[in-house]
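Each chain, letter by letter, is given below.
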Amino acid sequence: DDSWVQRAGRAIVPAALGVAIAVGAPLSAPAELTAQQQTVAEAWTVVDAVYVDRTFNNQNWFDIRQNLVKRKYASSEEAHKAIAEEMLKPLGDQYTRFINPQKYDSLKRSITQGGNGQEVSGIGVTLAVDKESKLVKIVDVADGGPAEKAGLKRGSLFKEVSKVKSEPGQVTAEEIAALVRGPTGSEVSMVLSDKGQDKEVTIQRQKVNIKPVTGGVSGSTGWIKIKQFDTKTGELVQAEVDKQAAQGVKCRVIDLRDNAGGFFRAGVDAASIFLEAGKQEVSVVNKAGASDSFKTEKDGSDTKTPLFLLVNGNTASASEIMTGALKDNKRATVVGERTFGKGVVQTVSPLSDGSGVAVTIAKYLTPDKIDINKKGIDVDSADTGSMCPDPYPNL
């Protein structure tokens, strides 16, 4: 039978720790409400239906509805501010947030372009949320890509993309990535902040070949760098493991630094390569407390070679699924810095005025039933020199 995860929405869960954009009709609200009150009522109804924390952060959730829906609003902007600040912010979840009509429209168009037969491209950057500024930053720039040619640097913060402003704590890496993507050959404008200096830049989108997995051998040490988790990551990691086995590696380092995640299942599949059959990898828990568990179905191809995972504060989402699975099963030693701490699933729903609301619908737990959201995964050692006897060359 299908798991609850699959039944809940195949458009949502395969991307699991990312964001799914709903493009259907918004929920309806009573006709006697003003347009602004209707938008507020719709937002409350969406959150009430699917939000994972049924205590609503111990807020009086029904009182919030009564107070906000009956209020008179002078403008849509005033209603939007009430949704963001008085309805969603008290939930204490940075991923459950209001999306204004301009941003929602841009996100929707970005998501649907590929489905309309247009070739979608980007600028060649890897993104993550900066914990200090709560804006999205560049953590890697692809060699030879449009971003590198335009002089974009690691650490630069996105303040605006295509005239859509980024508000601290109200934006995710997935949203910025969706805004940056577009038809091949089209241009995207953005405002970036680098060391406190804002700079506006316009870049032509091009197809960029970012290899999600690279690897090599240094002495008796095999190393694998995973930049992102997409639908091909699991098989690419497997191919690299097989190649290194033929070269007789005696120790392995997997580098997950600056990997903000991606495809949920890829994190599970990559961890399976190094685990024996029947090992718990991750559990996804919904608002009702129903848990959908993922376990290894067979022995992985390498369950014995000493394994070290190299992580940092930008290691997030699907990367943390892999890290948690291997750490809790005592298959790998985790080295570096505590990980980011994103262990939740969102969906984005439309409202009748063209805006939208993103809602956390589930969370995931590591095999030891640890909720890592907002906490991250602690390392076993901060000493990168404590890994394999022959050093990893890309520290």
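Residues numbered from 1 in each chain as written. Predicted model: local features only at pLDDT ≥ 70, side-chain atom pairs only at ≥ 80, totals over all residues. Heavy atoms only, no water.

1. Concerning the pattern of salt bridges
Note that side chains of opposite charge can pair when their charged atoms are close. In the structure shown here, the tally under the stated rule is 21 salt bridges. Residue D255 pairs with K225 through a salt bridge whose shortest N-O separation is 3.6 Å. Here D255, found in strand β13 (residues 251-255), pairs with K225, found in strand β12 (residues 221-226); they are 30 residues apart in sequence, far enough to count as distant. The burial state of D255 is the same as that of K225; both residues are buried. Residues D371 and K363 are paired through a salt bridge, measuring 3.9 Å at the closest nitrogen-oxygen approach. For D371, a relative accessible area of 23% corresponds to the partly exposed category. Look at K363 and you get partly exposed, because its relative accessible area is 29%. Among the ionic contacts, a cluster of salt bridges with common partners joins D140, R154, K227 and D258. (Salt bridge = Lys/Arg side-chain N within 4 Å of Asp/Glu carboxyl O. Helix = DSSP H or I, 4+ residues; strand = E, 2+ residues; numbered from the N terminus. Buried < 20%, exposed > 50% of the residue type's maximum accessible area, 1.4 Å probe, protein only.)

2. Details of the packing of aromatic side chains
Applying the stated rule across the entire model yields six aromatic pairs. When the centroid spacing of 5.4 Å and the interplanar angle of 55° are considered together, the rings of W44 and F62 count as tilted. With a gap of 18 residues between them, W44 in helix α2 (residues 35-50) and F62 in helix α3 (residues 61-69) connect regions that are remote in the sequence. Of note, R65 hangs over the ring of W44, and the distance from its end group to the ring centre comes to 5.5 Å. (Phe/Tyr/Trp six-rings, centres within 6.5 Å; stacked < 30°, edge-to-face > 60°. Lys NZ or Arg CZ within 6 Å of the ring centre and 35° of its normal.)

3. Quick look at the state of the cysteines
On inspection of all chains with the given rule, the structure shows one disulfide. The disulfide partner of C251 is C388, and the S-S distance across this bridge is 2.0 Å. Across the S-S bond of C251 and C388 the torsion is about -80°, and the bridge reads as left-handed. Of this pair, C251 sits in strand β13 while C388 sits in the segment after β19 (356-365), placing them 137 residues apart in sequence. Across the pair, exposure class does not vary: C251 and C388 are buried alike. (Disulfide = S-S within 2.5 Å.)

4. A closer look at the nonpolar core
Counting residues in hydrophobic clusters, the biggest one holds 32 residues, and the most contacted among them are I123, L152, F158, I176 and M190. At the level of secondary structure, the elements contributing two or more residues to this core comprise α5 (101-113), β4 (125-129), β5 (136-141), β6 (157-161), α7 (173-180), β9 (187-194), β10 (197-204) and β18 (344-350). The biggest single contributor to this core is α7, with five residues. Apart from the residues within four sequence positions on either side, L152 is in contact with I123, I138, V141, A147, M190, L192, V201 and I203. One finds A41, V46, V47 and A84 within the second-largest nonpolar core, a separate group that totals 25 residues. (Core = buried A, V, L, I, M, F, W, Y, C linked by side-chain atoms within 4.5 Å. Contact = heavy atoms within 4.5 Å.)

5. As for the sheet that holds β12
With respect to topology, five strands assemble into an open sheet ordered β11-β12-β13-β16-β17, the strand pairing being mixed. Edge positions in the open sheet fall to β11 (213-218) and β17 (333-336), since each of these has one partner strand only. Shown here is a sheet whose adjacent strand axes are inclined to one another by a mean of 20°, direction ignored. Of the pairings in the sheet, the one linking β13 to strand β16 (residues 307-311) comprises four bridges and is parallel in character. Paired with D255 across the bridge in β16 is L310. Against the sheet, helix α10 (residues 318-328) contacts β12, β13, β16 and β17, and its axis sits at roughly 140° relative to β16. (Pairing = 2+ DSSP bridges. Axes fitted to C-alpha atoms, helices over the stretch in contact; angles between N-to-C directions.)

6. Comments concerning the layout of surface pockets
In this structure, the second largest pocket encloses a volume near 780 Å³. When contributions to the lining of the second largest pocket are tallied by element, the ones reaching two or more residues are α4 (76-88) and β2 (97-99). Here the lining of the second largest pocket gets five residues from one element, more than from any other, and that element is α4. Each residue belonging to the lining of the second largest pocket can be placed in one class, and the counts come to eight nonpolar, nine polar and 12 charged. (1 Å grid on protein atoms, 1.4 Å probe; cavity = no way out; pocket = protein on both sides within 12 Å on 5 of 7 lines; lining within 4 Å. Points joined across faces, edges and corners; volume = space filled by probe spheres on them. Nonpolar A, V, L, I, M, F, W, Y, C, P; charged D, E, K, R; others polar.)

7. Remarks on the pairing of β4
Most of β4 sits out of view: five of its five residues are buried. Every second residue of β4 is oriented toward a common face, with V125, L127 and V129 on one face and T126 and A128 on the other, all of them buried. The pairing of β4 with β5 spans five bridges and is antiparallel. Bridge pairing in β5 links T126 to D140. Hairpin connection from β4 to β5: six residues lie between these consecutive antiparallel strands, with K134 at a positive phi of about 65°.

8. With respect to the packing of helix α9 (residues 264-272) against α10
When two helices pack together, their arrangement is given by the angle between their axes and by how far apart the axes lie. Axis separation between α9 and α10 bottoms out at 8 Å; the angle between their running directions is 30°. The orientation of α9 with respect to α10, classified from their angle, is roughly parallel. Note on packing geometry: the crossing formed by α9 with α10 is right-handed. For the pair formed by α9 and α10, the contact residues are F264, G267, V268, A270 and A271 on the first element and A318, I321, M322, A325 and L326 on the second. For the contact of α9 with α10, a count of residues per class yields nine nonpolar, one polar and no charged. (Parallel < 35°, antiparallel > 145°, perpendicular 65-115°, else oblique. Left-handed = near helix turned anticlockwise from the far one by under 90°.)

9. Re the side chain of K225
For K225, a relative accessible area of 16% gives the class buried. Within polar-contact distance, the side chain of K225 engages the backbone oxygen of R257 at 2.8 Å. Residues in contact with K225, not counting those within four places in the same chain, are P212, V213, T214, D255, R257 and Y392. (Polar contact = N/O pair within 3.5 Å; in protein donor to acceptor, adjacent residues only side chain to side chain.)

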